[in-house]
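# Structural features, examined
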Amino acid sequence: MHTPPRHVALIMDGNGRWAEQRGCERADGHSAGEEGVVASVRAAVDSGVSWLTLFAFSTENWRRPQPEVDFIMRLNQRVIRNNLRAWNDMDVRMRYLGVADARIPKCVYEDIAFAEDLTRNNRTLTLTVALDHGGRRDLARAARSIVAHGVPADQITEETLAGHMQFPDLPDVDLLVRTSAEHRLSNFMLWQAAYAELVFLDVLWPDFRAEHFRQAVDLYHRRQRRFGDVSQPAAQAAAVSTSA
Ligand code: FPP
């Protein structure tokens, strides 16, 4: 019996192409993506994964046409409203990574704050929604925080940087999945994904279901994680001790 990956991160890609294939608007593809979100949260809980991060909107996505940006923001709000009670009942804690841009509508902020507050003591799964997230911006923010705290340059270690990230308790990503057969990180979780196993699935996000989640986890279990080491048992032991 395998130990499930502790932290799974998903780049939800392919909504636009899914819609295009059906002669629909891109917005319809984003809407249909809600099913993939619901399925992945359920699959994470059922698989014993305790941290799930979903990439809902990047710092670069602001470049999209304004109506699409508005739609994705409202969709994020709708997904919270449609699913919050059920996720709370499943002991899911919701947190938002990013959300630093004043263009995020106030009413979306309010729903985010409500969801975070309602679920703050839940522990079965921490669902981190990366909304207005950029890995490089996270690192720049951590650097500013270190300077603002007056940490001397010669005392800055990797642990210092980790401690100044928005969520210092967010563990390293074990398994990073991107849908739609694209092979890019797109500035996602650059710090936390340093040693992630990367899995690229040829499924468009609106079609993503529990079977795809399980397929990615199966592929993960077939990988040998060496963390730069050469002796496999030692490397596995290191992985266990760092993820304890
Ligand atoms: C990428 O597809 C998808 C997005 C930019 C938005 C996805 C957001 C959701 C499904 C809402 C999630 C909400 C919560 C609360 C988790 P794309 O437009 O880049 O597709 P394409 O590459 O085919 O054009």
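All residue numbers refer to position in the chain's written sequence, counted from 1. With pLDDT at 70 or above as the cut-off, local features in this predicted model cover only qualifying residues; side-chain atom pairs require 80 or more to be listed or tallied, and sums for whole chains, interfaces and linings still use all residues. As a rule here, side-chain values come from all non-hydrogen atoms in the structure, and water together with hydrogens is ignored.

## Considering the pairing of strand β1 (residues 7-11)
The buried label applies to any residue whose accessible area, calculated with a 1.4 Å probe on protein chains only, is under 20% of its type's maximum; exposed applies above 50%, and partly exposed to all values in between. Helix and strand definitions follow DSSP, with helices as H or I runs of at least four residues and strands as E runs of at least two, each counted in order from the N terminus. Among the 5 residues of β1, 5 are classified as buried, and the element is accordingly described as predominantly covered. Residue alternation in β1 divides its side chains into two sets, His7, Ala9 and Ile11 and Val8 and Leu10, and both sets are buried. If DSSP finds at least two bridges between two strands, the strands pair. The pairing of β1 with strand β2 (residues 51-58) spans 5 bridges and is parallel. In the strand pairing of β2, His7 is matched with Trp51.

## Looking at unusual backbone geometry
Here the phi dihedral of Ala181 falls at roughly 60°; this positive angle occurs in a residue that is not glycine. Checked against the element boundaries, Ala181 lands in the loop between β5 (175-178) and β6 (197-200). Phi angles above zero are rare outside glycine, and Ser186 is one such case at about 50°. Secondary-structure assignment places Ser186 in the loop between β5 and β6. Residue class for Ser186 comes out partly exposed when judged on its relative accessible area of 29%.

## Considering the environment of Phe213
Along the chain, Phe213 turns up in helix α7 (residues 210-221). By relative accessible area, Phe213 is classed as buried at 2%. On a C-alpha basis, the gap between Phe213 and Ala44 in space is 7.8 Å, while along the polypeptide they are 169 residues apart. Contacts between residues were defined by any pair of non-hydrogen atoms, one from each residue, lying within 4.5 Å. Every residue in contact with Phe213, bar those within four places of it in the chain, is listed here: Val8, Ser40, Ala43, Ala44, Ser47, Val49, Leu52 and Phe208.

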